[in-house]
Amino acid sequence: MMKNKLLLDLFLQSSQTFISGEEISRRLNISRTAVWKQINQLRDMGYEFEAVSRKGYRMTFIPDFYKVTDIEAKLNTKVLGRKIQIMETTTSTQVDAMTQAESGTEEGALFIAEQQSSGRGRLGRKWFSPAGKGIWMSLVLRPELPIRYMPQLTLLTGVAVCKAIRSVTGAEAAIKWPNDILIHGKKVCGILLESATEDNKVKYCIAGIGIDVNLSAEDYPEELTEIATSLKLETGHTIDRALLIAEILNEMELLYNRYTSEGFTPIQVEWEEHSVSIGQAVRTETLTETIQGVAKRLDPSGGLVIAAPSGEERVVYSGEVEII
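Here the structure is a predicted model, which is why all the values come from computation and not from measurement.

Asker: Could you clarify how one ought to interpret the sheet that holds strand S6 (residues 174-176) in this entry?
Answerer: Picture the strands of a sheet paired through backbone hydrogen bonds; they go either parallel or antiparallel. Strand order in the open sheet made by the 7 strands is S3-S4-S5-S9-S8-S7-S6, with mixed pairing throughout. Looking at strand neighbours, the two that pair on one side only are strand S3 (83-87) and S6, the edges of this open sheet. Sheet twist, expressed as the mean angle between neighbouring strand axes with direction ignored, is 20 degrees. Docked against the sheet, helix H5 (residues 93-102) engages S3, strand S4 (109-113), strand S5 (134-141), strand S8 (186-198) and strand S9 (201-212), running at close to 155 degrees with respect to S9.

Listed below in structure tokens is the structure:
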């Protein structure tokens, strides 16, 4: 780690100019092989380097590692994000938040990781969570709701994230039912809400949010290059992750309070305004049939209303809905 620090300091002092492997080797008194290994270790931490034959290495990206104070300075909330735990790496912030929620941690507690080794999306899918470039976080909520209203809270979270992305970055983010955030048809964010119940009521709920913020095209594995994007790729510049986290919490608390006082209708209206699904031809597979038609609106429960070619309207409550 000390060698890594010396190497990092050397690049930070070089003002993004190239430094040859021979020069690094001489100044740090290490082998050329050790230079290569340490640069790869820094890459694993989120730093980016350009390597050019006969010129050496040049640092091209420095991750903006989280500080609690940076997020708190931008918060306008009373509850959400007033307790923040930041981890360098973890298996999953969902697991961390659930463990603390079971132990009684307060509503609004936020768990953030620079990197996840076993991040999870919907339907048990693995969520790609590299170091220093994304937002991987989970928020503890304790709504006084019957369990049947949980889908509404998922949609509320999607609206908050979508509005925050638009506000901070200017990117035309949109929501694909039920909870994916897309830009130009590619996924930039996934949302996963999981809850514990007691007497048919929500004991606590964990809102997991994963956003590809400052990832470059080279960061993605081949299987994701055609379906995923990042805010940096879409806007052409690096995004302040602390600012985006704070804005998500600010938007979410406003919507959460409105939902508590006015019910789901205002959330439904905002979701439909920010949706890429409404008005589109869609298809979904259930256990027994294929439902195909035009997505018309949200059902008051949070389900998606699909009008079949016959005119019959069906409500989809879960699963994957494909835009065709």
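Here the narrative resumes.
Asker: What is the right way to look at the UniProt feature "binding site: biotin" (unreviewed entry) in the protein chain in this model?
Answerer: The residues that UniProt annotates with the feature "binding site: biotin" (unreviewed entry) are Gln-116, Arg-120, Gly-121, Arg-122 and Lys-187. In this fold, Lys-187 is placed in strand S8. Judged by its relative accessible area of 25%, Lys-187 falls in the partly exposed class.

Asker: I would appreciate a short explanation of the UniProt feature "DNA-binding region" (unreviewed entry) in the protein chain in the present structure.
Answerer: What UniProt calls "DNA-binding region" (unreviewed entry) maps, in this numbering, to residues 21-40. Counted over residues 21-40, helix gives 85% and strand 0%. Its end C-alpha atoms are 13 Å apart.

Asker: So what exactly am I meant to see when it comes to the environment of Thr-157 here?
Answerer: Inspection of the secondary structure assignment puts Thr-157 in helix H6 (residues 150-169). The class of Thr-157 is buried, set by a relative accessible area of 0%. Each C-alpha atom of the pair Thr-157 and Ala-196 lies 18 Å from the other, and the pair is 39 residues apart in sequence. Each residue touching Thr-157, except ones within four places of it in the same chain, is listed here: Ile-191, Leu-193, Ile-209 and Met-252.

Asker: Quick question: what am I supposed to make of the packing of aromatic side chains here?
Answerer: Centre distance and the angle of the planes are the two values used to describe a pair of aromatic rings. Under the counting rule described, the total for this entry stands at 2 aromatic pairs. Both rings, one in Phe-11 and one in Phe-49, keep their centres 5.0 Å apart while their planes meet at 65 degrees; by these two values the pair is edge-to-face. Within this pair, whereas Phe-11 is found in helix H1 (residues 2-12), its partner Phe-49 is found in strand S1 (residues 48-52), the two being separated by 38 residues in sequence. Comparing Phe-11 with Phe-49 shows no difference in burial state: the two are buried. On the numbers, 5.9 Å between centres and 65 degrees between planes, the contact of Tyr-47 with Phe-65 is edge-to-face. Of this pair, Tyr-47 sits in the loop between helix H3 (32-44) and S1 while Phe-65 sits in the loop between strand S2 (56-61) and helix H4 (68-72), and the two are 18 residues apart along the sequence. If you follow Arg-241 out to its NZ or CZ, it ends over the ring of Tyr-66, 4.0 Å from the centre.

Asker: What exactly am I supposed to notice about the side chain of Glu-114 here?
Answerer: Mapped onto the secondary structure, Glu-114 falls in the loop between S4 and S5. For Glu-114, a relative accessible area of 6% translates into the label buried. Within polar-contact distance, the side chain of Glu-114 engages the backbone nitrogen of Tyr-66 at 2.9 Å. Apart from the residues within four sequence positions on either side, Glu-114 is in contact with Phe-65, Tyr-66, Met-87, Glu-88, Pro-130, Ala-131, Gly-132, Trp-136 and Arg-241.

Asker: Would you explain H3 in this entry?
Answerer: Since the α-helix turns once every 3.6 residues, residues separated by three or four places project in the same direction. For H3, with 13 residues, the first-to-last C-alpha span of 19 Å sits near the 18 Å given by 1.5 Å per residue. For H3, the complete set of buried residues consists of Val-35, Gln-38, Ile-39 and Leu-42. All buried residues of H3 lie within an arc of 100 degrees about the axis, which places them on one face of the element.

Asker: Which parts of the structure should I look at to understand the pattern of salt bridges?
Answerer: When charged atoms on two side chains of opposite charge get close, those side chains can pair. Considering all chains together, one arrives at 14 salt bridges under this definition. Two residues, Glu-313 and Arg-297, come together in a salt bridge whose shortest N-O distance is 2.7 Å. Taken together, the residues Glu-313 in strand S13 (residues 313-316) and Arg-297 in strand S11 (residues 290-298) connect sequence positions 16 residues apart. A residue is classified by how much of its surface remains accessible, and Arg-297, at 34% relative accessible area, is partly exposed. Connected through salt bridges with shared partners, the residues Glu-23, Arg-26 and Arg-27 form a single ionic network.

Asker: Is there a simple way to think about the sheet that holds S13 in this case?
Answerer: The 5 strands lie next to each other as S13-S12-S11-S10-S14, forming an open sheet whose pairing is antiparallel. Two strands in the sheet have a free side with no partner beyond their single neighbour: S13 and strand S14 (321-323). Between one strand axis and the next, the sheet turns through 45 degrees on average, direction left out of account. Sheet topology note: the S11/strand S12 (residues 304-307) ladder contains 4 bridges and is antiparallel.

Asker: Looking at this model, I keep getting lost on unusual backbone geometry. Mind explaining?
Answerer: Among all residues save glycine, negative phi is the norm, and among peptide bonds the norm is trans. Geometrically, the link from Trp-177 to Pro-178 is a cis peptide bond, its omega value of 0 degrees lying close to zero. By the element assignment, Pro-178 lies in the loop between S6 and strand S7 (180-183). The phi torsion at Arg-54 lies on the positive side, around 70 degrees, for a residue other than glycine. Relative to the assigned elements, Arg-54 resides in the loop between S1 and S2. Exposure remark for Arg-54: the relative accessible area of 88% places this residue in the exposed category. Unusually for a residue other than glycine, His-184 sits at a positive phi of about 50 degrees. Inspection of the secondary structure puts His-184 in the loop between S7 and S8.

Calculation notes
Residues numbered from 1 in each chain as written. Predicted model: local features only at pLDDT ≥ 70, side-chain atom pairs only at ≥ 80, totals over all residues. Heavy atoms only, no water. Pairing = 2+ DSSP bridges. Helix = DSSP H or I, 4+ residues; strand = E, 2+ residues; numbered from the N terminus. Axes fitted to C-alpha atoms, helices over the stretch in contact; angles between N-to-C directions. Contact = heavy atoms within 4.5 Å. UniProt positions renumbered as here; feature names shortened; annotations may be inferred. Buried < 20%, exposed > 50% of the residue type's maximum accessible area, 1.4 Å probe, protein only. Phe/Tyr/Trp six-rings, centres within 6.5 Å; stacked < 30°, edge-to-face > 60°. Lys NZ or Arg CZ within 6 Å of the ring centre and 35° of its normal. Polar contact = N/O pair within 3.5 Å; in protein donor to acceptor, adjacent residues only side chain to side chain. Expected span 1.5 Å × (residues − 1). Arc of directions from axis to C-beta. Salt bridge = Lys/Arg side-chain N within 4 Å of Asp/Glu carboxyl O.

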